[in-house]
Amino acid sequence: MSEKKDKMNRRDFMNSGIRFSVALGIGGIAGTLLNKTQKQSYVWQLDPEKCIQCGQCADKCVLTPSAVKCVHVYDMCGYCDLCGGYLRPNTKEITTAAESQLCPTSAIERRFIEEPFFEYHIIDELCIGCGKCVKGCAAFGNGSLQLQVRHDICVNCNECAIARDCPADAFERVPADNPYLLTGNSNNKESKS
Amino acid sequence: MNKKIAYIIVFILISFQIYNTYAIQRFPKPEFESGHTQPPTITPDPRAAMWDTIDVFILFVSLSVITWFILKKRSRKGVFWMSILSIIYFGFFREGCVCSVGSLQNITLALFNPDYHIPITVIAFFALPIIYTLFFGRTFCAGICPLGAIQDIFVLKPMPVKAWLEKVLGIFPFIYLALAVLYAATKTDFIICRYDPFVGFFRFNATFTMFAIGGILLLIGIFIARPYCRFLCPYGVILNLVSRVSKKHLTITPAECIQCRLCEDSCPFGAIEKPVPAKMKENKDFAIRRFIILAVITPLFMLAGGYAGSQFHENLAKVNHKVQLAEELSKNKTYETELEPIEITAFKTSGKSLDDLYKEATIIIDEFYIGGWIVGLFIGLVFGLTLLSLSVYRYREDYEPNKGTCLSCGRCMKYCPVKPEID
């Protein structure tokens, strides 16, 4: 009986030894990594300068419709009548008819401001993030339409499903207190609050 | 007027060819005479950082509560309701992300890539369940892990799996873990997240294939309890190993086992070890000789595995996007504009040089060569140790849970007729 007790003790001793080293290991890993963390949290964002508007954002996001949507940087907009983001390139007439619109879901609203300027609004509920208008605007216009991850929708996945399939490698983690990578947007900070 | 429009269209068509560049103020922003003010650009804030803290807090609290249910209260009902809560919160509300299973990839990525800033939340999600397992067994698996919890409610008609099959299938999680670490370390992909079969249910959104795989796993789970946890989960591998040395663990009986055999078939996961009578003890010399042979064979397994892994490294590396791109470009194919793969278009517009890409791809393939060796050595070791563990005789008097494979679900506890001792 005493022999058996001895055996148990040996096993217990070994177990606590291993337990201690595992705890040390986990603590070590956590400690090393804690050194590398930063207080602020990070979120996913796409860099419009790298984006090639391939249209994958609309499909690859874990959400349907995608958390990537077109964001209009009004500061950059020329308020053109002949808008490359709104109209199909070879459209005959400048009208708001569906056949002359570039957007497959009619998510851009065109409002007359004054001769000859028009203002374009993205209707969030309709936008699927396909980037067709972004491509048109970048090619013909100022590039005021830009694709962005909308953080009110994004669930901030561990590894962004669009990022790993993005052919242009345009996705990156950005600090959560400055979560948009818009170009030419002067009211970035103000509009946040 | 018509001529003017035609002129503009021609200009546009030309510019489409020339400029594919981005954001140039070709047309100045107008000054409005009607006093129109420009609307602000919409940039909503991300979820408040406070929520991350809440997630970690809820993980901590729920782990403590379920551990209390399992070890102190001995209540299967409590475990069940905790798994329902976990499915609701970590599953449907948080949409299955961040989860501890996936977090091991972030940990790997952070260890191998100094420029990746890992969030503290992810470290907590990785470490907390391991610490709890170290002290109390796999209480995380019992009902806090949303992936385990959703399978657990599908355990309706569990059937025993043959021991040899269980052992063979039990090697898959190790392979999965090795590959997940390899691909995370080489910055290639997070395969655990990509092939997560249940997250699609939590988000009501997945590709057809993933829905099908998830659905099939859940249906299989009716008969073969928790197939993902037992035969795939890579985080379960870590918890399995850690749990073997846990300080405390779920016990089938609250006091002394009377060997009534009532609990014998109660475990849907086959994790109850039956008593081994002393007379079954085999010839000591034979056992020792077999142990020595297996101990010699194990390094050979490792070498063979490592060599195989290293020979296979180019195929392993093909998952990497950069390697794929370099390979595709090196074929020097010409595409029609419409048919050109978007990756190649993207590369051409990015202005990177082909040589740089090839260099990067070579470095990645070299990493995979080393990685292939390590993965192979590891899998060989797992093979060897699995055989060794099968050959080791362990004397046991009572019905005990296997500390490694027991998921601490607590189903066996109500089968035990022994009343707890009153202190």
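The model shown is predicted, which means the values in this text are computed figures rather than measured ones. (Residues numbered from 1 in each chain as written. Chains lettered and ligands numbered in written order. Predicted model: local features only at pLDDT ≥ 70, side-chain atom pairs only at ≥ 80, totals over all residues.)

**Points about the environment of Thr-53 of chain B**
All names here are of chain B. So the rule is basically this: Numbering of helices and strands runs from the N terminus; a helix is a DSSP stretch of H or I covering at least four residues, while a strand is a stretch of E covering at least two. Buried, partly exposed and exposed are defined by the number of other C-beta atoms within 10 Å of a residue's own C-beta, namely 20 or more, between the two limits, and 12 or fewer respectively, with C-beta atoms placed from the backbone.
Mapping Thr-53 onto the fold places it in helix H2 (residues 50-73). For Thr-53, a count of 13 C-beta atoms within 10 Å corresponds to the partly exposed category. Sequence separation between Thr-53 and Ile-171 is 118 residues; the distance between their C-alpha atoms is 36 Å.

**What about the nonpolar core?**
Selection rule: The nonpolar core is taken to be a set of buried Ala, Val, Leu, Ile, Met, Phe, Trp, Tyr and Cys residues joined by way of C-beta atoms within 7 Å. We call two residues in contact if the C-beta atoms placed from their backbones are at most 7 Å apart.
Membership of the largest hydrophobic core comes to 154 residues, with the highest contact counts inside it found for Val-68, Cys-133 and Ile-162 of chain A together with Ile-66, Ala-178 and Ala-180 of chain B. The residues touching Val-68 of chain A, leaving out its near neighbours within four places in the chain, are Leu-46, Cys-57, Cys-61, Gly-129, Leu-147, Gln-148, Val-149 and Ile-162 of chain A.

**Overview of the interface of chain A and chain B**
Heads up, the rule is: Each residue gets one label: Ala, Val, Leu, Ile, Met, Phe, Trp, Tyr, Cys and Pro are nonpolar, Asp, Glu, Lys and Arg are charged, and the others, such as Gly, are polar.
The partner chain B presents 61 residues to the 66 residues of chain A that form the contact. At the level of elements, helix H1 (2-36), strand S1 (42-46), strand S2 (68-72), strand S3 (108-114), helix H3 (132-140) and helix H5 (188-192) of chain A are the ones that each hand at least two residues to the side of chain A that touches chain B. Of all the elements, H1 of chain A adds the most residues to the side of chain A that touches chain B, at 11 residues. Among the residues making up the side of chain A that touches chain B, the classes are represented as 37 nonpolar, 19 polar and 10 charged.

**As for the pairing of S3 of chain A**
What counts, and what does not: Strand pairing requires that DSSP identify at least two bridges connecting the strands.
Examined bridge by bridge, S3 of chain A and strand S4 (residues 117-122) of chain A share six bridges and lie antiparallel to one another. Note that in S4 of chain A the partner of Arg-111 of chain A across the bridge is Glu-119 of chain A.

**Some words on the confidence of the model for chain B**
Residues and elements named next belong to chain B. Let me state the cut-off plainly: Along the chain, pLDDT gives the predictor's confidence residue by residue, from 0 to 100.
On average, residues of chain B score 88 in pLDDT, and 93% of them reach the 70 mark or higher. Taken element by element, the predicted model of chain B shows its lowest mean pLDDT in helix H1 (residues 2-18) (55) and its highest in helix H9 (residues 172-185) (96). This stretch, residues 16-21, has a pLDDT under 50; its non-local contacts, to residues over four places away or in other chains, come to four contacts. With a pTM of 0.86, the predicted complex shows an ipTM of 0.79.

**Regarding the confidence of the model for chain A**
Summarising the model, chain A shows a mean pLDDT of 84, and 90% of its residues fall at 70 or more. Under a pLDDT of 50 for its full length, residues 188-193 of chain A has, in the predicted model, eight contacts with residues more than four places off or in other chains.

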